[in-house]
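Below, each chain spelled out in residue letters.
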Amino acid sequence: MPNQSTGSSQVVQHRIPADGADQLILAGVNDANLQELARVCGCRVVLRDDHVILSGPLSDVEHCIPIAQHMIDLARLETPFSSGDIRRFADVVAESEGLGAGVLESSKIVLPGTRKIITPKSAGQKLYIDEIRQREIVIGIGPAGTGKTYLAVAMAVDALHKKRLRRIVLVRPVVEAGEQLGFLPGSVEEKVDPYLRPLYDALGDMMPPEQLKRALENRTIEIAPLAYMRGRTLADAFVILDEAQNTTTLQMKMFLTRLGLNSKAVITGDKTQIDLPRREDSGLLEVERILHDIDGIAFVYLTEVDVVRHRLVKEIIRAYARLRSDEPGRRDR
């Protein structure tokens, strides 16, 4: 319990040991992380003599303690975070009654080619990574910015590096997002490249350029439109279907039945961003209804708490959710 001072103001002070923590990671540049923690919790935060000192009203300090402890744990593990992550830590602590960095550390993904360590930043992301490790098919559903695609690609690159599988196949439906782009010049590959660019971006963040180039050239990594999948059997592969909300029911069935021996599939989608002419035709909505009871298939639902983009993305998602809930007769399935 925090050490309470005397007097009627009910101001308390609590000291948390921070020995062994990287102080630059913990405090942030120009103490940005400590300032954000103080703003989120409403109490004074100081880093002094290997201790984080929290001062303020008892309720604010008690709220701040698990968030500060989580920041210290991450800094001890030399896992970088930014001031933008701290509000998410607060949201997760509020929902899960605590979040230990040691727990998150157990689900980290190490990518030696880029010396990058990817650690889940929320309980939802940890569950997502753990299910991908354990199940043959994982269906990740949630709003933009929750790391659905990025973490799936990281797990695929990790599996390839450890030789658990021989190849990665990344698939997307070619559906325009509310616009009619019309005729696109160039070869078939050039026409579909804009739709697949987010997958290239994720890979480029996780593999050295020359290694990625070789993998694409020798087809160890394949990025293709969903329409190219018919008739194939994908054995010994890590297969990711991205933007699955824009598959039709027939396309989704076709994709799921491509899976061969020693293969794993991750399907990602956002039910609020269906760009098909008729929402009810979405293959993602159908598998959500019919595949829940099959052993080996896991559904993971991410929410705005798991958003890892700009802090305003979370607020935007909440605003649109409120709008949908206020519309008469409107409901997400």
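All residue numbers refer to position in the chain's written sequence, counted from 1. Reporting of local features is limited, given that this is a predicted model, to residues whose pLDDT is at least 70; pairs of side-chain atoms are given and counted only at 80 or more, and all residues count toward the totals for whole chains, interfaces and linings. The basis for the side-chain values is all heavy atoms of the structure; hydrogens and waters are excluded.

(A) Representation of the confidence of the model for the chain within the structure. Put simply, the chain has an average pLDDT of 83, and 82% of its residues get 70 or more. Below pLDDT 50 for its whole length, residues 176–184 participates in nine contacts with residues either more than four positions away or in separate chains. On a scale of 0 to 100, pLDDT captures the predictor's confidence in every residue. Between two residues, a contact is recorded if the distance between any of their heavy atoms is within 4.5 Å.

(B) Focus on the environment of Leu291. Looking at where Leu291 falls in the secondary structure, it is placed in the loop between α11 (283–290) and β12 (297–301). Judged by relative accessible area, Leu291 falls into the buried class, the value being 12%. As a C-alpha pair, Leu291 and Ile139 span 152 residues in sequence and 10.0 Å in three-dimensional space. Leu291 has contacts with Leu256, Ile297 and Phe299, leaving out every residue within four places of it along the chain. Every helix listed is a DSSP run of H or I at least four residues long, and every strand listed is a run of E at least two residues long, numbered separately from the N terminus. Exposed residues in this analysis have more than 50% of their type's maximum accessible area, buried residues have under 20%, and partly exposed residues fall in between, with area computed by a 1.4 Å probe over protein chains only.

(C) Focus on the packing of helix α6 (residues 123–134) against helix α7 (residues 148–161). Between α6 and α7, whose axes approach to 11 Å, the crossing angle comes to 40°. Handedness of the crossing formed by α6 with α7: right-handed. Contact residues: α6 offers Gln125, Tyr128, Ile129, Ile132 and Arg133, while α7 offers Lys148, Leu151, Ala152 and Met155. Partitioning the contact of α6 with α7 into residue classes produces six nonpolar, one polar and two charged. The convention used is that axes are lines fitted to C-alpha atoms, helices contributing only their stretch in contact, and that angles between N-to-C directions extend from 0 to 180 degrees. Rotating anticlockwise by less than a right angle from the far helix to the near helix defines a left-handed crossing, while the corresponding clockwise rotation defines a right-handed one. Put simply, Ala, Val, Leu, Ile, Met, Phe, Trp, Tyr, Cys and Pro go in the nonpolar bin, Asp, Glu, Lys and Arg in the charged bin, and everything else, Gly too, in the polar bin.

(D) The arrangement of the nonpolar core in detail. Among the buried residues, those of types Ala, Val, Leu, Ile, Met, Phe, Trp, Tyr and Cys that are joined through side-chain atoms within 4.5 Å form a nonpolar core. If you look at the biggest cluster of nonpolar residues, it comprises 35 residues, and the most contacted ones within it are Leu203, Ile221 and Phe238. With nine residues, α7 is the largest single contributor of residues to this core.

(E) Quick look at the environment of Asp19. Checked against the element boundaries, Asp19 lands in the loop between β2 (11–17) and α1 (23–27). With 53 residues separating them in the primary sequence, Asp19 and Ile72 have C-alpha atoms 8.8 Å apart. In this view, Asp19 contacts Asp50 and Arg76; residues no more than four positions away in its chain are not counted.

(F) The arrangement of the sheet that holds strand β10 (residues 237–241) in detail. Spatially, six strands are ordered β9-β8-β10-β11-β7-β12 in an open sheet, and the strand pairing comes out parallel. The open sheet has two free edges, formed respectively by β9 (221–225) and β12, since each of these has just one partner strand. Along the sheet, successive strands turn relative to each other by an average axial angle of 15°, direction set aside. Together, β7 (137–141), β8 (167–172), β10 and β11 (264–269) form the strand contacts of helix α10 (residues 249–256), whose direction differs from that of β11 by roughly 155°. Strands were regarded as paired on the criterion that DSSP finds at least two bridges between them.

(G) Quick peek at the packing of α10 against α11. Contact pair α10 / α11: the axes reach a minimum separation of 7 Å and the direction vectors enclose 65°. As α10 packs across α11, the resulting crossing turns out to be right-handed. Note on element contacts: α11 touches α10 through Gly283, Leu284, Glu286 and Val287, opposite Thr249, Met252 and Leu256. Classifying every residue of the contact of α10 with α11 by side-chain character gives four nonpolar, two polar and one charged.

(H) Region of the structure containing unusual backbone geometry. A positive phi angle, close to 60°, is found at Asp50, a residue other than glycine. Relative to the assigned elements, Asp50 resides in the loop between β3 (44–48) and β4 (51–57).

(I) Examining the pairing of β9 more closely. Within β9, five of the five residues are buried, which leaves it mostly tucked inside the rest of the structure. The alternating pattern of β9 places Ile221, Ile223 and Pro225 on one face and Glu222 and Ala224 on the opposite face, and all of these are buried.

(J) Inspection of a nonpolar patch on the surface at higher detail. A cluster of nonpolar side chains, namely Ile316, Tyr320 and Leu323, defines an oily patch on the protein surface of about 320 Å² accessible area. If you trace the backbone, Tyr320 turns up in helix α12 (residues 311–326). The class for Tyr320 is exposed, based on a relative accessible area of 51%. Patches were defined on residues exceeding 30% relative accessible area and lacking a salt bridge, with like-charge contacts within 9 Å and nonpolar side-chain contacts (Val, Leu, Ile, Met, Phe, Trp, Tyr) within 5 Å. Here the open area of atoms and residues is found with the Shrake-Rupley method and a 1.4 Å probe, where only the protein chains shown may cover a residue. Any Lys or Arg side-chain nitrogen found within 4 Å of a carboxyl oxygen on Asp or Glu counts as a salt bridge.

(K) Quick peek at the packing of aromatic side chains. Two rings from Phe, Tyr or Trp (for Trp, the six-membered ring) form a pair when their centres sit within 6.5 Å of each other. Planes less than 30 degrees apart are called stacked, planes more than 60 degrees apart edge-to-face, and all others tilted. In total, this model carries one aromatic pair according to the counting rule given. Taken together, a centroid distance of 6.4 Å and an interplanar angle of 15° make the contact between Phe299 and Tyr301 stacked. Judged by relative accessible area, Phe299 falls into the buried class, the value being 14%. In this structure Tyr301 comes out as partly exposed when scored by relative accessible area, which is 37%.

(L) Representation of the pattern of salt bridges. For the structure shown, the criterion picks out 15 salt bridges. Between Lys162 and Asp158 there is a salt bridge, with its nearest N and O atoms 3.3 Å apart. For Lys162, a relative accessible area of 44% puts it in the partly exposed group. Notably, a salt bridge pairs Asp242 with Arg172, separated by 2.8 Å at the nearest N-O pair. One end of the pair, Asp242, is in the loop between β10 and α10; the other, Arg172, is in strand β8, with 70 residues separating them in the sequence. Salt bridges sharing partners connect three or more residues here, namely Asp19, Asp73 and Arg76.

(M) Looking closely at the pairing of β4. Taking burial as the measure, the seven residues of β4 include five buried ones, the bulk of the element. Where β2 and β4 come together, seven bridges link them in antiparallel fashion. When the sheet's bridge partners are listed, Gln13 is paired in β4 with Ser55. The pairing of β3 with β4 spans five bridges and is antiparallel. Considered in β4, the bridge of Val45 is made with Leu54.

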